[in-house]
Structure formats: C-alpha cells, structure tokens
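So the chains spell out like this:
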Amino acid sequence: MDDIVRVKRSGREDHRAKKGVRHQGQVNAVGKGRQGRQGQEHDGGNDVNIQPECAYGLFDQVIEKEDKEHHDEKEKTPAHRQEKPTQDSPHFAGKDLFFIERNHLRIALRKHDQDKAHQLESCDPPEDSGEGQISELTFCIVEHSFSKSHIGLLCERKVIFSICDFPFDREADFDYIAIMKQTPLFGIHDTLGARMAEFAGWQMPIQYEGIVAEHNAVRTSVGVFDISHMGQIVAEGEQVIDWLNGVLTNDSSVLGDSEGQYTLMLNENGGVIDDMIIFRESGNSFFLVVNASKIDEDFAALEAQRADGISLRNESGKYGGLAVQGPDAVKLWDQLGTGAILPERNGILRTDNFVLCRTGYTGEDGFELFAPVEKISDWFRKILDAGAKPCGLGARDTLRLEKCYPLNGNDLDPEHTPLQAGLGFFVKLKTDIDFTGRNVLESQKADGVKTRLSAIQMTGKAPPPRHGYDVIDPQTGLKVSELSSGGMSPTLQKGIAMAYIPLELAKPGTALEIGIRQRTFPAEVVKKPFL
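A word on the overall build of the chain
Logical step 1: On a plain count of helices and strands, the chain comes out with 10 helices and 32 strands.
Logical step 2: Carbon and sulfur atoms provide 46% of the accessible area of the chain, an area that totals close to 21800 Å².

As for the packing of aromatic side chains
Logical step 1: Throughout the structure, instances matching the rule amount to nine aromatic pairs.
Logical step 2: Relative to Phe354, the ring of Trp333 has its centre 5.7 Å away and its plane inclined at 85 degrees; by these criteria the two rings are edge-to-face. Of this pair, Trp333 sits in helix H7 (residues 329–336) while Phe354 sits in the loop between strand S23 (348–350) and strand S24 (355–357), and the two are 21 residues apart along the sequence. Each member of the pair Trp333 and Phe354 is classed as buried.
Logical step 3: In textbook terms, an aromatic cluster arises when at least three aromatic residues are bridged by ring pairs, as seen for Trp333, Phe354, Phe367 and Trp379.
Logical step 4: Above the plane of the ring of Trp379 lies Lys382, whose end atom (NZ or CZ) is 5.0 Å from the centre.
Logical step 5: The ring of Phe425 has Lys428 lying over it, and the distance from NZ or CZ to the ring centre is 4.9 Å.

Brief notes about the pairing of strand S16 (residues 223–226)
Logical step 1: Neither face of S16 is open: one carries Gly223 and Phe225, the other Val224 and Asp226, and all of them are buried.
Logical step 2: Both S16 and strand S22 (residues 319–325) contribute to a ladder of four bridges, which runs antiparallel. Residue pairing across strands places Phe225 opposite Ala323, the latter belonging to S22.

Let's talk about the pattern of salt bridges
Logical step 1: The full count for this structure, using the stated rule, is 17 salt bridges.
Logical step 2: Put simply, Glu236 and Arg313 hold a salt bridge, and the shortest N to O gap is 3.0 Å. In this pair, Glu236 is assigned in strand S17 (residues 231–236) and Arg313 in strand S21 (residues 311–314), connecting sequence segments 77 residues apart.
Logical step 3: Taking the relative accessible area as the measure of exposure, Glu236 reaches 25% and is therefore partly exposed.

Quick word on the environment of Leu369
Logical step 1: By the element assignment, Leu369 lies in strand S25 (residues 366–372).
Logical step 2: In sequence terms Leu369 and Leu322 are 47 residues apart; their C-alpha atoms lie 5.2 Å from each other.
Logical step 3: Contacts of Leu369, omitting those with residues within four sequence positions, involve Gly320, Gly321, Leu322, Trp333, Phe354, Val355, Leu356, Ile376 and Trp379.

A closer look at the packing of H7 against helix H8 (residues 373–385)
Logical step 1: One way to put it is that H7 packs onto H8 with a least axis distance of 10 Å and a crossing angle of 115 degrees. One way to sum up the angle between H7 and H8 is to call them roughly perpendicular. Judged by the sense of rotation from one axis to the other, the crossing of H7 with H8 is right-handed. Between H7 and H8, the residues in contact are Leu332, Trp333 and Leu336 and Trp379, Lys382 and Ile383, respectively.
Logical step 2: Across the contact of H7 with H8, the residue classes tally to five nonpolar, no polar and one charged.

Structural notes on the sheet that holds S16
Two strands in a sheet stick together by hydrogen bonds in their backbones, pointing the same way (parallel) or opposite ways (antiparallel).
Logical step 1: If you walk across this open sheet you meet the six strands as S23-S24-S25-S22-S16-S26, and the pairing is mixed. Edge positions in the open sheet fall to S23 and strand S26 (389–391), since each of these has one partner strand only. Each strand axis lies, on average, 20 degrees off the axis of its neighbour in the sheet, ignoring direction.
Logical step 2: Docked against the sheet, helix H4 (residues 211–220) engages S16, S22 and S26, running at close to 120 degrees with respect to S26.

Examining helix H5 (residues 240–247)
Logical step 1: For H5, the tally of buried residues reaches six of eight residues, placing the bulk of the element in the interior.
Logical step 2: Buried residues of H5: Val240, Ile241, Trp243, Leu244, Asn245 and Val247, and no others.
Logical step 3: Elements in contact with the buried residues of H5: S17, strand S18 (259–266), strand S19 (272–282), strand S20 (285–290), helix H6 (295–304) and S21.

Thoughts on the sheet that holds strand S30 (residues 494–502)
Logical step 1: Read around the closed barrel, the six strands follow the order S27-S30-S29-S28-S31-S32; overall the barrel is antiparallel. When strand polarity is set aside, the average angle formed by the axes of neighbouring strands in this sheet is 40 degrees.
Logical step 2: As paired strands, strand S27 (residues 451–458) and strand S32 (residues 519–526) are joined by four bridges and run antiparallel to one another. Across the sheet, the residue bridging to Ala455 is Val526, located in S32.
Logical step 3: Against the sheet, helix H9 (residues 393–402) contacts strand S29 (478–489) and S30, and its axis sits at roughly 120 degrees relative to S29.

Looking at the packing of H4 against H9
Logical step 1: Relative to each other, H4 and H9 sit at 55 degrees, their axes nearing to 8 Å. One element, H4, and the other, H9, form an angle in the oblique class. For the crossing formed where H4 meets H9, the hand is right-handed. Contacts between H4 and H9 involve Ile211, Glu214, His215, Val218 and Arg219 on the former and, on the latter, Gly394, Ala395, Thr398, Leu399 and Glu402.
Logical step 2: Grouping the amino acids of the contact of H4 with H9 by side-chain chemistry returns four nonpolar, three polar and three charged.

The rules behind the values
Residues numbered from 1 in each chain as written. Predicted model: local features only at pLDDT ≥ 70, side-chain atom pairs only at ≥ 80, totals over all residues. Heavy atoms only, no water. Helix = DSSP H or I, 4+ residues; strand = E, 2+ residues; numbered from the N terminus. Areas by Shrake-Rupley, 256 points an atom, 1.4 Å probe, with all protein chains shown as cover. Phe/Tyr/Trp six-rings, centres within 6.5 Å; stacked < 30°, edge-to-face > 60°. Buried < 20%, exposed > 50% of the residue type's maximum accessible area, 1.4 Å probe, protein only. Lys NZ or Arg CZ within 6 Å of the ring centre and 35° of its normal. Pairing = 2+ DSSP bridges. Salt bridge = Lys/Arg side-chain N within 4 Å of Asp/Glu carboxyl O. Contact = heavy atoms within 4.5 Å. Axes fitted to C-alpha atoms, helices over the stretch in contact; angles between N-to-C directions. Parallel < 35°, antiparallel > 145°, perpendicular 65-115°, else oblique. Left-handed = near helix turned anticlockwise from the far one by under 90°. Nonpolar A, V, L, I, M, F, W, Y, C, P; charged D, E, K, R; others polar.

Here's what the structure looks like:
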C-alpha cells in the first residue's frame, strides 16, 4: 500500500483520525501520497469500486429516448484495490502524542519519536502551496512501514500532505497533496459503524449494513445518503439567463420559477468539465448543485466567464446535504411534519430552514435536503427515526449504474462530449445560443459520433466488471476500449458496466469480451438502461 496512511480509532482500524478540523464538518489527518489510490471496498465476496466523483443528474425518461434514437439511426483510468488496514498500519493514539512548536508550527509526534524532534526544529516551515492563505500550520508525523513520515499542512479548510524521509531536504521533499475532508455527519456515520473510504477528496461512508441491503432498501422502501460533499453556487443578475446559456449546454430560459434542469459545462473541445442541476428559484436567481470534486474548478470557470451585472456566490461551505430516495420517500417526508409540501419533480423549495430539491440519482422518487451545517445532523437523525435506512456510496453507485446514469470523472470526462455520452437531449443545438464547445458538437453531430457510451452486461459467470477493465472485440481479439464504470447489479444479479465503444460495436446484442485478471469473460451490449 504505497504511501497510504491508515488510522486506528477506538480499537478498530479504519480511515479515521482521532480529531479533525471542522469545515462543513471536519478535516481529518489521513492522507495519501504521490502514489495514492482510489477507494475500493468489499461487500462479502463482491468488490465494489467507488470512483472519484458522484454525478448528480436528471435522466428519467431521457436515457431510454436517447438510446432509441441512437439505434434507429444505427448508430475511458483503472482503479486500484485499496487494501484493508492491517495490524501493521500506522495509527494515532491521542494520549501518546506530544507537541513541539517553532515559528508558529505546532508539530505532533508520538512519544517514541522524540529523538526526531531536533530534525524538525532545524527545518523552516514550508511555504503556502497555493491552495489558499495559510491560517494555521499543523504538522502530524506518523511513521509507517516504508520508513517514511507523513507531514500534514492545514491551509484554511484544506489539509495538504507531504511525504519525506528523515532527515529530509526542506525544499525538495515537500510534495503537497490534498487529503480527505469530513462532512458534518461523520460522527453519526462512525456511531452507526459505517465503513469509510475516500471519495472526491472526502471521507465518505461506503456502506453500513451492506451494499446489497442498502441498494434493495432504496428500490423497495427508502434510504438516505449523505451528500454534504456536494457544492452549491448561486448566480444572480438581470442577464443571468443569457449568461448561463453561454456557459452551459441546456436552455435555462425554459425554466419557470422553482423549476430545475440537468445541464453540463464544457471545455473548448466540447469535453465535459462537470454535469450539474440548476434551479431557477425566482426571477433572476439560480441555485446550482455541482459535483464535490468540481466545486472550486466550476466556480473558477464561471467566475472567469462572468459578465457584468452577474453575481456569483459559492455557498458550498454553508450547507450539509441529504438525499432521501425510494418509493416511500414522499410518505417519509409527510411523517416529518414540517408543514412544507414537496416540490414537483425537478422542482425546488426554499424555506428559512432548508432548501428542498425534488430530483435524484437512483432512478427512484425522492428529494434532496440542504440545510445549514449546524442543523444537518438533526435532520439526519429525524430521517433515520422516520424509517430511512442509512446508505453509503456503494449502494449509490450500483443504483445509478443500473439506470445508466453517468458518473463524472468516469463516464463523463474532458475527452468525451455529451453527444458521445448519449446526453444530446441536454444540449440545445437547435437554438442560436452560442455556449462554450458548441462548434465542436455541431461538427460532431454533422459527421456522426465514432464512439458511444454503451451499456454492457456479462453473459456468463464472471467476476464483477470494474472501471478500467479492457473491452475486447472477440472477432479480432483486439482491445477496443476500457470500462468507464462497472459492478455487480444487486437487482439483476449480473455484472453490468458502461464503456465508450466504436459505433459499429454499439448495437444491442453485439458480443464482446471483458478482460479481468489476465482472463476474458463473455459480455454483450444491451439497451440502456439496465432497469
């Protein structure tokens, strides 16, 4: 486990630090180094691969429509298994820590590392890494099996990590890497026994009781997910509609007050920077819900293109969030007795206490509740007491995959366009609106896409397909693509996946093979969605 730090807490090994710094919750003292890995957790014998970034989209009735249109016309970054902690994993023990201070640095060391303190005292504090103004410097030293130490630097709400050997070169050995943040619900997740892992830079619950049980709860009753890691941006101004239409693919002018739509932000080449939902709250005020790992990038991109008279506010630090999903979600909301009526599908309601959005990322009915950070724990407890099952990102991944909802960072990326991803419904090329990347999409539509994000299902007994596995044409034996997403469907009890594959292989019924651990297993292209 190259350059991975684990932390032991309360006698059980986990991904948690003894203490954190609150931001929408906390920032913990766990990090990953230059060769850090993406999280992968296990549910019994089935691996569940959780990739960075959770898309957040409206796709009901649209995926099937897009798929049908495609077939009437005839029409890519492997994940590494993150091992579970072992008895050799380094850990903090608060009572064993002592601190030294120099130049306003507070350095935490285990007691048996006191002989190394003089080496730290001779090192000047590192300069700001560019992540933000340094408001406090906190160094945590944890020796691990590779005879290295991890040195943490807290910059405002972010923690930056460096890995170096003792003694270290104070200039050459600092390599800053952002590490996991915690949501304000972390303490409740811990109490509930959630298994935690990194997701989009956040320490998030992967599962509680188990991925299959949580998945089935959402399909048959109701579950609740922590989505406090997601971002919220407010855009306002008299010309805000015209401005939004110039930076996003969908047409916001069609939205009435309290209505929302799925849309995308593209680069100059038509590739996807982020997908998001925007809501027209009233008049010239819009509420944008963006992906967790894209908050800063999205806000910077919007700010760089901001027109005169347009105001932007990044309110991501203000809210915690919950996604309540399942056929019993409406009944649960009524049980809470708030007096507020759920908005219509794809709608939004703002009160003095919360923002309520009626969308989802599971294919089931439900809503998202955004409330002030200091209040979100109370909402979480109320929703649990009302009968919702706590669900982790493992179930969120399998639920969205069964519906072929794309995952930003996997199925959506800067190299592929919305047309290749089958999201042309959300790109308004028939209007005269000139949004970023439009010219590329117009050419692509005229020439026809050469690859398309397609649904693939395993046809025999096989290990679960995973992001990054090879897609092979059995007729030639040649690799034609890699899976962008994959996993075991709890509902279908089959391996399912998505991949950008050549158009000539994208027709349902086309036989393919998936390369898994030096073997190949039969699969076929199927119609979207799987369910």
